[in-house]
Amino acid sequence: MSQTLFHLAFPVTDIAQTKVYYVDGLGCIPGRENHHALILNLYGHQLVAHFTKEPLTPQLTIYPRHFGLIFTQESDWQDLLKRAQQRQLVFREETKNRFVGSPLEHRTFFLEDPFYNLMEFKYYRH
C-alpha cells in the first residue's frame, strides 16, 4: 500500500505572520505562497493557510476542533517539543502523560497559533 498524505486547510488573517509561525516556529517547509494562501509541508503532510477577513476567535477548550500529528518515534516528538519551547510558541496545554499504564498511554501537548488554530502532538508508548 502506498503512503497516504494528510491535507488540511485552515483560516489565518495574516500570511506573513503565518509563515513566521509555521516555518520559523514549527519548522514547516514553505511551498507556494501568494496573498491568499500559503502551502506548508509539516512532516510530509500538506497544510494550507487561507487568508480570511472574517474575525477569528479562540475556542473555550481544546475540543471540538484541533488537528495534529501522532509521532511514531518518541525522539521526533521530543525534538518538536524542544523546538516549540525554544521558540516560545504558545502552549495551549503543556505536556502530559495520558492513560498511564494502559495500551492507550501517550504523551501529548497542544499549541495554539496566532489565529487560534489548535494543534496536538502525540507519541503513543505502545
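Here, every reference points to the structure presented above.
All residue numbers refer to positions counted from 1 along the written sequence of the respective chain. Local features in this predicted model are restricted to residues of pLDDT 70 or higher, and side-chain atom pairs are both shown and tallied only at a pLDDT of 80 or more, whereas totals for entire chains, interfaces and linings draw on every residue. Computation of side-chain values covers all heavy atoms of the structure but excludes hydrogens and water.

### Some details on the side chain of T18
And then number 1: Strands here are runs of E lasting at least two residues and helices are runs of H or I lasting at least four, both read from the DSSP assignment and numbered beginning at the N terminus. Within the secondary structure layout, T18 lies in helix 1 (residues 15–25).
And then number 2: Given a relative accessible area of 0%, T18 falls into the buried group.
And then number 3: In contact with T18, not counting residues within four places along its chain, are V12, V23, L38, A49 and F115. The classification of residues rests on relative accessible area computed with a 1.4 Å probe and restricted to protein chains. Under 20% of the type maximum is buried, over 50% is exposed, and intermediate values are partly exposed. Any two residues whose heavy atoms approach within 4.5 Å at even a single point are treated as in contact.

### Description of the packing of aromatic side chains
And then number 1: Each Phe, Tyr or Trp ring, with Trp reduced to its six-membered ring, pairs with another whose centre is within 6.5 Å; inter-plane angles below 30 degrees give stacked pairs, above 60 give edge-to-face pairs, and intermediate values give tilted ones. Inspection of the entire model under this criterion finds eight aromatic pairs.
And then number 2: Seen in terms of ring centroids, F10 and Y22 are 5.4 Å apart; in terms of plane orientation they differ by 45°. Their pairing is tilted. Of this pair, F10 sits in strand 1 (residues 7–12) while Y22 sits in helix 1, and the two are twelve residues apart along the sequence. There is no split in this pair, since F10 and Y22 are both buried.
And then number 3: Centroid distance Y21 to Y22: 4.9 Å. Interplanar angle 70°. Geometry classified as edge-to-face.
And then number 4: Classification of Y21 by relative accessible area gives buried; the value is 7%.
And then number 5: Y22 sits in the buried class, given a relative accessible area of 0%.

Nothing here speaks to function; it is all geometry.
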